[in-house]
Amino acid sequence: MTEITAALVKELREKSGAGMMDCKKALTETNGDIEAAIDWLRAKGISKADKKSGRTAAEGLIAIAGAGHKAVVVELNSETDFVARNDAFQDLARGIAEVALSTDGTVEAISAATYPASGKPVADAIKDAIATIGENMTLRRAAKLEVEHGVVATYIHNAAGDGIGKLGVLVALKSVGDKAVLTSIGRQIAMHIAATNPLAIRAEEVDAAVAERERNVFIEQSRESGKPEAIIEKMVEGRMRKFFEEVALLSQAFVINPDLTVGAALKEAEKTAGASIEITGMARLLLGEGVEKEESDFAAEVAAVAKG
């Protein structure tokens, strides 16, 4: 039996927003499993948290580079936002994104590629920047999309300059239609992706494990109603249909025009583009997503220094 410590209860409380006693009970019921405890709280209607949501910690920049039929997005981290505002750091982020266009888009390939300004591998260019600026930096993530016919549209949210910001999105549109139309609708869909963070392009592409987890939560929630199993099954199926509508890109209400789904908006764009349009890929990088910063007690640090 896992010991339910105060730290474990505190962690669950921060992630779920539930009360301390509810968190302790949830952890006891799930043998200290944080993810299972979140699901237990949701099933009991105590928490609406639907996924792990650690605070964004890493500083730095998201940088995008595009060339019509292909584009890349990279995340270059720094220790502080102060460095992220440094011109040299911003130039480095842009430069790495440009280099990434000629690679397969993996961090490993980008790190090994030559950085033109120095003639060294990107990994060494980052090390040189660390030595110059005096702060640790990491090329953490990258993604590349490419289409033979069509465009890869891009969008930077909270832009700090040309091609750099805190959130970057790519969306690949396969089509032989008018490029200007594809670029326009592509950018709108990229903005939509930035706002809604869909789990997949189509409902059938949602990760099976994620869908099963939601189904289990819905089953437990429905059983709380005390209704017969046959009714519960129908309730769960209805909730799952709604779940897929909300997390799959093509079935989501289009943020630019909520009267249409993204799929319907694409169909409308096809009329102007003069050809069919298919979304073949998407990538969304939010700065620091999934990384937790070590919290420090500044007052305690000052007190400790004062005491010598």
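Residues numbered from 1 in each chain as written. Predicted model: local features only at pLDDT ≥ 70, side-chain atom pairs only at ≥ 80, totals over all residues. Heavy atoms only, no water.

The chain has the name Elongation factor Ts in an unreviewed UniProt entry, where Rhizobium miluonense is given as its organism. For the chain, the Sequence similarities (unreviewed entry) comment in UniProt is given as "Belongs to the EF-Ts family." Its UniProt record, at the heading Subcellular location (unreviewed entry), says of the chain: "Cytoplasm". (UniProt positions renumbered as here; feature names shortened; annotations may be inferred.)

Draft legend 1. Structural context of unusual backbone geometry. One non-glycine residue with positive phi stands out, namely Asn31, at about 55°. Along the polypeptide, Asn31 turns up in the loop between helix H2 (20-29) and helix H3 (34-43). The backbone of Asn197 shows a phi angle near 50°, a positive value even though the residue is not glycine. Note on placement: Asn197 falls in the loop between helix H8 (179-196) and helix H9 (208-223). Judged by its relative accessible area of 25%, Asn197 falls in the partly exposed class. (Helix = DSSP H or I, 4+ residues; strand = E, 2+ residues; numbered from the N terminus. Buried < 20%, exposed > 50% of the residue type's maximum accessible area, 1.4 Å probe, protein only.)

Draft legend 2. Region of the structure containing the sheet that holds strand E11 (residues 278-286). Reading across the sheet, the three strands line up as E6-E8-E11 and stay open at both edges, with antiparallel pairing between neighbours. Since the sheet does not close on itself, it has two edges, and those belong to strand E6 (150-157) and E11, each with one partner. Pairs of neighbouring strands in the sheet enclose a mean axial angle of 10°, with direction left out of account. Two elements, strand E8 (residues 167-174) and E11, share eight bridges in a ladder whose sense is antiparallel. Residue pairing across strands places Leu173 opposite Ile279, the latter belonging to E11. Sitting on the sheet, H8 is in contact with E6, E8 and E11, with an inclination near 40° to E6. (Pairing = 2+ DSSP bridges. Axes fitted to C-alpha atoms, helices over the stretch in contact; angles between N-to-C directions. Contact = heavy atoms within 4.5 Å.)

Draft legend 3. How the structure looks around the pattern of salt bridges. Here the structure, examined in full by the defined rule, presents 16 salt bridges. Arg85 is paired through a salt bridge with Asp81; the nearest N and O atoms lie 2.4 Å apart. For Arg85, a relative accessible area of 52% gives the class exposed. Asp81 gets classed as partly exposed once you look at its relative accessible area, which sits at 28%. Arg223 is the salt-bridge partner of Glu220, the closest N and O atoms lying 3.5 Å from each other. Within this pair, Glu220 and its partner Arg223 are both found in helix H9, separated by three residues, close to a single helical turn. (Salt bridge = Lys/Arg side-chain N within 4 Å of Asp/Glu carboxyl O.)

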